[in-house]
2 protein chains.
Amino acid sequence: MASQVKRSVIIGDVRPRTPTGYPAKAVAGRRLRISADIFKDGHDLLAARAGLRPVGSKKWVTAPMTLLENDRWVAGLDATEVGQHEFVVEAWTDVVGTWRHDTELKAAAGVDIALELEEGALLVEARLRKVHRVDRDLLRAAINTMRDPSLSQPERLAAALAPEVVGALAEIIEGDVTKSSVYRVWVDRERALAGAWYELFPRSYGGLKGATERLDAVAEMGYDVVYLPPIHPVGVSHRKGRNNTLDPGPDDPGSPWAIGSADGGHTAIEPSLGTYEDFDAFVARARALHMEVALDYALQCSPDHPWVIEHPEWFHQRPDGTIKYAENPPKKYQDIYPINFWPENDADRDALWSACRDVMEFWIGRGVRIFRVDNPHTKPVPFWAWLLPSIQAEHPDVLFLSEAFTRPKMMAKLAEVGFSQSYTYFTWRTTKQELTEYADEVAYGPTADYMRPNFWPTTPDILSGPLRNGTPGVFKQRLLLAATLSPSYGVYGGYELCENEPFSEANEEFLHSEKYEIKQRDFTSPTSIAPFMTCINDIRRRHPALLELDNITFHDTANDQLMAYSKTTADGSDTVLVVVNLDPVATQEATLGLNLAALGVDTERQFEAHDELTGATYMWLGANPYVRLTPEDPAHVLHIREVS
Amino acid sequence: MASQVKRSVIIGDVRPRTPTGYPAKAVAGRRLRISADIFKDGHDLLAARAGLRPVGSKKWVTAPMTLLENDRWVAGLDATEVGQHEFVVEAWTDVVGTWRHDTELKAAAGVDIALELEEGALLVEARLRKVHRVDRDLLRAAINTMRDPSLSQPERLAAALAPEVVGALAEIIEGDVTKSSVYRVWVDRERALAGAWYELFPRSYGGLKGATERLDAVAEMGYDVVYLPPIHPVGVSHRKGRNNTLDPGPDDPGSPWAIGSADGGHTAIEPSLGTYEDFDAFVARARALHMEVALDYALQCSPDHPWVIEHPEWFHQRPDGTIKYAENPPKKYQDIYPINFWPENDADRDALWSACRDVMEFWIGRGVRIFRVDNPHTKPVPFWAWLLPSIQAEHPDVLFLSEAFTRPKMMAKLAEVGFSQSYTYFTWRTTKQELTEYADEVAYGPTADYMRPNFWPTTPDILSGPLRNGTPGVFKQRLLLAATLSPSYGVYGGYELCENEPFSEANEEFLHSEKYEIKQRDFTSPTSIAPFMTCINDIRRRHPALLELDNITFHDTANDQLMAYSKTTADGSDTVLVVVNLDPVATQEATLGLNLAALGVDTERQFEAHDELTGATYMWLGANPYVRLTPEDPAHVLHIREVS
């Protein structure tokens, strides 16, 4: 029956959202932008609002939506607390507004509006009981004026157009109100989106105590998160030697990712690194320095892991009774047993998954609030979709960084099911076009509602592109790109010293990789770029524009080796323009083609470009300043300000 | 509980689909391409299949899916009948295939595979009861060979790799099978996607009888559909005169869209046009000429329409008791009363919507199977979402063309809720870049799964761009673009004669518009481009590649005035390359940059480019032939063939 069809406005493409109903992501204290396509038949004006609330709360906090263009509407709402939230979009016909708009046009054209005035009076009358009691007298007076034959039509219309009358009627939701589905959004703390990470292997600093001593320097450089590769007992069976060889020497420490020995498994600490007390002291010292500790969460076992003996059913067993080691045929990784997340028996699966969860809970109990998850794409997505929300339900401040250097759709899926951040392909994006497309994609692409990037120039596994045998200038360039293209970025300790020796032409790893040996480093080296890193982190802390993701604009440079982009806070109070020389060997120059509107400056007036790296201040006028950058000092980081 | 989590493969972004669950669209007798993202953790091989069936049928017709790239899988299935269908995607781990792949790699690397052979034998054994009875002996023999210690490992492995063994195991769906949601797809007959339309006003041919006489010529030109603007009684009140004036002369016929008079409403025929018998004869003659008739469906009334007297509650009533006429403030359209689709009373709404449905049913009863719906965007989307499927449930062969020259999101929404085709923005896309982007968007953009374009160079309302005061060459150019960029296109009768006089500089309509007066035309004029139109329609009928939408490739021309694109059938049996000179006044030439792979020809061998317009045949070699086109004969339509 036609009468069962609901009168409605069309609401479509509501964002933020994920492809399959998992919560999108937001940050507490940052404005959440809610948008939707809203339209209906004909020419009536529409009105809309968005509502947000923590799940469990009865009260929506609402904000009116405004029309951008092409039927796209937007509202900004603030999520104030961490945890699961939900939001909704409502839209309806703005009946009084439409009347007002049409009648003004007719009046302006000199058309008789006697009938329109009566229609307007009836409209307002019908809405009297929907407004605040205090506004009713005001509206009754307006109605009387609209109907007063002693006044001119323009005078009568003016009564309906008075701002207080418009205001009193503005909040009314009309009868054809349409509600969107309710969408969930997970609100994280700030660090989920923005932070500077520093990775260090405690064993190269003499263990946890030595690493604790290193923390002051790391904090001084301006890092927010110290990430530790696995600190658990390292297996002995099939232990790898230096440079990933199969015949370790007696002093070779083995890979920290070969987890588990007679000394314990994922909840134990490798004895040569120290004790729980040492770990607690490390966490406490980091906290005192306003940093926090991220721990590696690598679900795999060495053959010596207690789980292998206690729970062979948690692994893949072969017909001869042995346990299947990791392979990438024909390559063998006999020092690693992958876990079988789907044991045949349900009770075994419950026990295994609970044990995995207990590992995380154990370290949460020791003060860890960030986990860097190793190779999540080799474990089942349904496992993560189960584990991560179950942890966050108890500990909503816990964050997860996905080390999913894998295919793009899996990377996105892991973000969708709950990872707070993800490593990215930044490491392999080196040309201007690649960097521009990729930064644009992570900021505005289809995954931007739920996948947050963390850009790393190198990791213990990856020394790629121009950093291979790269100069200190290139190390500066790649760090600067990571730190200014993405609100979260990280470095692997040793980056200060521009460690640049590749394993081989064909192999992307480091020679003398710290994964297989203890490294001695002289951080007092005069060629260290630590001062540059300190400067960059300081700039990031003073410029909130750099700590946002979806606020980047790219500018023309007419030179493929010079890249220029800016970031601006939503309120326009902070604008930073970055110009980078991507050429590792030559000085490059160009006349820029700036998008002045994106920089918030006037085309006709001088503006100030203050280089936060050098302290120099340039007075620029117009869109085409000239820049010149050497490979040694490959960037300007310019604070843009109008001259007062 | 972890044990309640389902083991699964990830299936995402299944297509075709619409944004909110309405059926996507397909065509009977054409291959339906079903695709999805399919992946899971780790490196196991996956297998997948797609299933399709008419709604109501129990039996799925299935086809295996194959991996394209980036985790995208695809299958082709044929919908054989018109009507509602549903499809599903299923994916699972190819356990045996993974074993086979890994074991082959190990064997090739010379690794001992004794254990692998036993694992393989166990895998096959476990699947014995899942295969056809006839295959079991075959598999048992293979198992025995795999376990035979008297044979070499390569010999034992060969038994597992034998094609008949692989084939017997190929169809097995494993235990972790994941089923996508079930998606609906509406299957239309061919004409929903492809056809050449011809619009004519019967009154300019002396009414329906005279229009019937015109049909032979229309059929001879190669048109498939004859579309008639409203043929109903034209209102008298506030009738419009020639050139949309407010003071009609006594002989002025008024706008056919001012529907309804004392002679009847939407189910009546304007007496000056003829009788029902004349209409039936028109439909019959069209059918005899292998054409069909499309009727206008314009839900609005003149003040003289019977509904206005009988059902004032179906219109918007004003405080003084009058009925609200159409307006675009401050403009007034007093000859038109819009319908109020939401009368306050439910029974009134039922009666109104049923009456609208009855109008369509009435003309369906007189042999009409296509409706060209006037301004659907000024009527509620929920009305169309109710009406169109309810018509097609009874008459699945009925098609609806949406005249939604409106904002893009409304245009797409109308397509989504059930319109078979839509007018488009083609009329306003004239530069090479505009045409390329737009043709790409309709073929491959986000609406391609459910919105089918119909390209019209002009309509009675629109004479735009280079056609205003345009030369016959430009009329040829725009027709050719419409007819080869889109499988459906249409012309408004008179196009043959290159009617090109605009109403005014600022007004997009025709001077002496046929909407307000009877036109006399001399179709025997020696400057008629009817022979060109005939030739184009003939080419379309002989080249199935031109009757598809998502098969277009654009080629470089290094000249902004020369556009080149090709279309190829899925099986590669038909390829047409179109080169168009967009310059209305000058000859243009260029060396093309052809994508030879898209043309299906060898880079090293000569191929034939036969111009279907001129009959000339060019022998080309390589990607860079030279072309030169005048404004008078602005195109090559080249049938591309390898030389045998």
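Quantities reported herein were computed from a predicted structural model and do not represent experimental measurements.

Tell me what's going on with the overall build of chain A, and back it up with residues and numbers.
Along chain A, the regular secondary structure elements total 15 helices and 30 strands. Taken along the three principal axes of its C-alpha coordinates, chain A extends 105 × 65 × 45 Å. Counting only contacts in chain A whose residues sit at least 6 apart along the sequence, the fraction spanning at least 24 positions is 74%. Just so you have it, chain A exposes about 25,900 Å², and 50% of that area is on carbon and sulfur atoms. For chain A, the centre of its 65 positive side-chain charges and the centre of its 92 negative side-chain charges are spaced 4 Å apart.

A description of the interface of chain B and chain A should follow, citing residues and the corresponding values.
Contact with chain B, which involves 52 residues of that partner, is made by 52 residues of chain A. Across the chain B to chain A interface the summed buried area is about 4,900 Å²; carbon plus sulfur atoms make up 61%. Note that Arg407(B) and Asp71(A) form a salt bridge whose closest N and O atoms lie 2.9 Å from each other. Counting across the interface, chain B meets chain A through 16 residue pairs in polar contact (both at pLDDT 80 or more). Counting residues per element, the ones that place at least two in the side of chain B that touches chain A are β3 (31–39), α1 (95–108), α2 (114–126), α9 (346–365), α10 (381–394) and α11 (408–417) of chain B. For the side of chain B that touches chain A, the class distribution of residues is 21 nonpolar, eight polar and 23 charged.

How would you sum up unusual backbone geometry? Please name residues and give values.
The residue after Arg15(A), namely Pro16(A), is reached through a cis peptide bond having omega 5°. By secondary structure assignment, the location of Pro16(A) is in the loop between β1 (10–15) and β2 (24–27). Between Pro329(A) and the following residue, Pro330(A), the backbone shows a cis peptide bond with an omega angle of 5°. On the secondary structure map, Pro330(A) appears in the loop between β15 (326–328) and β16 (331–333). The backbone of Asn244(A) shows a phi angle near 60°, a positive value even though the residue is not glycine. Turning to its location among the elements, Asn244(A) is positioned in the loop between β12 (225–228) and α7 (276–288). Overall, the relative accessible area of 36% leaves Asn244(A) in the partly exposed class. A positive phi angle, close to 40°, is found at Asn375(B), a residue other than glycine. Among the secondary structure elements, Asn375(B) is positioned in the loop between β18 (370–373) and α10. Here Asn375(B) falls in the partly exposed class, since its relative accessible area comes to 26%.

Lay out α10(B) with the relevant residues and their values.
All names here are of chain B. The end-to-end C-alpha distance of α10 is 21 Å, a good match for the 20 Å that 14 residues give at a rise of 1.5 Å each. α10 sits mainly inside the fold: ten of its 14 residues count as buried. Every buried residue of α10 is accounted for by Val381, Pro382, Phe383, Trp384, Trp386, Leu387, Leu388, Ser390, Ile391 and Gln392.

Could you give me a rundown of the pattern of salt bridges, with the residues and numbers involved?
Residue and element names in this part refer to chain B. Within the structure shown, the criterion is met by 92 salt bridges over all chains. For Asp449, the salt bridge goes to Arg15, with nearest N and O atoms at 2.6 Å. A residue pair is termed long-range when its members are at least 10 positions apart, and Asp449 in the loop between α12 (432–444) and β21 (453–454) and Arg15 in strand β1 (residues 10–15) qualify at 434 residues. Between Lys40 and Asp44 there is a salt bridge, with the nearest N and O atoms lying 3.3 Å from each other.

I'd like a rundown of the packing of α10(B) against α11(B), residues and numbers included.
Residue and element names in this part refer to chain B. Where α10 contacts α11, the two axes come as close as 9 Å, and the packing angle between them is 30°. Comparing their axes, α11 and α10 come out roughly parallel. Like other packed secondary-structure pairs, α10 and α11 cross with a definite hand, here right-handed. Each of Val381, Trp384, Ala385 and Pro389 in α10 lies in contact with α11, whose residues at this interface are Met410, Lys413, Leu414 and Val417.

With reference to specific residues and values, describe the packing of α1(B) against helix α4 (residues 153–161) of chain B.
A pair of packed helices is captured by two measures, namely the crossing angle of their axes and the spacing between those axes. All names here are of chain B. Between α1 and α4, whose axes approach to 11 Å, the crossing angle comes to 155°. Viewed along their axes, α1 and α4 adopt a mutual orientation that is roughly antiparallel. The two elements α1 and α4 meet at a crossing, and its hand is left-handed. In contact with Trp99, Arg100, Thr103, Glu104 and Ala107 of α1, α4 contributes Leu157, Ala160 and Leu161. Split by residue class, the contact of α1 with α4 holds five nonpolar, one polar and two charged.

Account for the relation of the copies chain B and chain A, with residues named and values stated.
Between chain B and chain A, which share one sequence, the superposing operator has a rotation angle of 180° and an axial displacement of 0.0 Å; the RMSD is 0.1 Å. The symmetry that links the two subunits is that of a two-fold axis. Taking C-alpha positions as the reference, the residue of chain B nearest the rotation axis is Pro19(B), at 5.6 Å. A shared interface surface links the copies, since 100% of the contact residues of chain B are contact residues in chain A too.

Describe the packing of aromatic side chains, listing the residues and the values that go with them.
Residue and element names in this part refer to chain A. Summed over all chains, the structure comprises 70 aromatic pairs over all chains. Relative to Trp386, the ring of Trp353 lies with its centre 5.3 Å away and its plane at 55°, an arrangement referred to as tilted. Of this pair, Trp353 sits in helix α9 (residues 346–365) while Trp386 is found in helix α10 (residues 381–394), placing the two residues 33 residues apart along the sequence. Overall, Trp353 belongs to the buried group, its relative accessible area being 0%.

Explain the sheet that holds strand β28 (residues 617–620) of chain A to me, using residue names and the numbers behind them.
All names here are of chain A. The six strands lie next to each other as β23-β24-β25-β30-β27-β28, forming an open sheet whose pairing is antiparallel. Looking at the sheet topology across the chains shown, the edges are occupied by β23 (552–555) and β28. Each strand of the sheet is rotated relative to its neighbour by a mean of 25°, with strand direction disregarded. The pairing of strand β24 (residues 562–568) with strand β25 (residues 575–581) spans seven bridges and is classified as antiparallel. Following the sheet pairing, Ala564 is matched in β25 by Val579. Along the sheet, helix α12 (residues 432–444) contacts β23 and β24; its crossing angle with β23, the most-contacted strand, is approximately 155°.

Tell me about the environment of Val637(B), and please be specific about residues and values.
All names here are of chain B. Looking at the element boundaries, Val637 is found in strand β30 (residues 635–642). When the C-alpha positions of Val637 and Thr484 are compared, they lie 9.0 Å apart, and in sequence the two are 153 residues distant. The residues contacting Val637, other than those within four sequence positions of it, are Leu480, Ile539, Val576, Leu577, Val578, His610, Asp611, Glu612 and Leu613.

Which residues make up the sheet that holds β12(A), and what are the values?
Within the closed barrel, the eight strands sit side by side as β11-β12-β13-β18-β19-β20-β21-β22 (chain A). Their pairing is parallel. Each neighbouring strand pair of the sheet contributes to a mean axis angle of 30°, computed without reference to strand direction.

Requested: an account of helix α2 (residues 114–126) of chain A, with residues and values cited.
All names here are of chain A. For α2, built from 13 residues, the straight-helix expectation of 18 Å at 1.5 Å per residue is met to within 8% by its first-to-last C-alpha distance of 19 Å. Among the residues making up α2, those that are buried are Glu116, Leu117, Glu119, Gly120, Ala121, Leu123 and Val124. Of the surrounding elements, those touching the buried residues of α2 are α1 (95–108), α3 (133–146), α4 (153–161) and α5 (163–170).

Run through the side chain of Arg127(B), naming residues and quoting values.
All names here are of chain B. In this structure, Arg127 sits in the loop between α2 and α3 (133–146). For Arg127, a relative accessible area of 8% translates into the label buried. If we skip the residues at most four places from it in the chain, Arg127 touches Val95, Val96, Leu169, Ile172 and Glu174.

About the criteria used
Residues numbered from 1 in each chain as written. Chains lettered and ligands numbered in written order. Predicted model: local features only at pLDDT ≥ 70, side-chain atom pairs only at ≥ 80, totals over all residues. Heavy atoms only, no water. Helix = DSSP H or I, 4+ residues; strand = E, 2+ residues; numbered from the N terminus. Contact = heavy atoms within 4.5 Å. Areas by Shrake-Rupley, 256 points an atom, 1.4 Å probe, with all protein chains shown as cover. Lys, Arg positive; Asp, Glu negative; His and termini not counted. Charge placed at Lys NZ, Arg CZ, Asp CG, Glu CD. Buried area = accessible area lost by both parts, 1.4 Å probe. Salt bridge = Lys/Arg side-chain N within 4 Å of Asp/Glu carboxyl O. Polar contact = N/O pair within 3.5 Å; in protein donor to acceptor, adjacent residues only side chain to side chain. Nonpolar A, V, L, I, M, F, W, Y, C, P; charged D, E, K, R; others polar. Buried < 20%, exposed > 50% of the residue type's maximum accessible area, 1.4 Å probe, protein only. Expected span 1.5 Å × (residues − 1). Axes fitted to C-alpha atoms, helices over the stretch in contact; angles between N-to-C directions. Parallel < 35°, antiparallel > 145°, perpendicular 65-115°, else oblique. Left-handed = near helix turned anticlockwise from the far one by under 90°. Least-squares fit on C-alpha atoms with pLDDT ≥ 70 in both. Phe/Tyr/Trp six-rings, centres within 6.5 Å; stacked < 30°, edge-to-face > 60°. Pairing = 2+ DSSP bridges.

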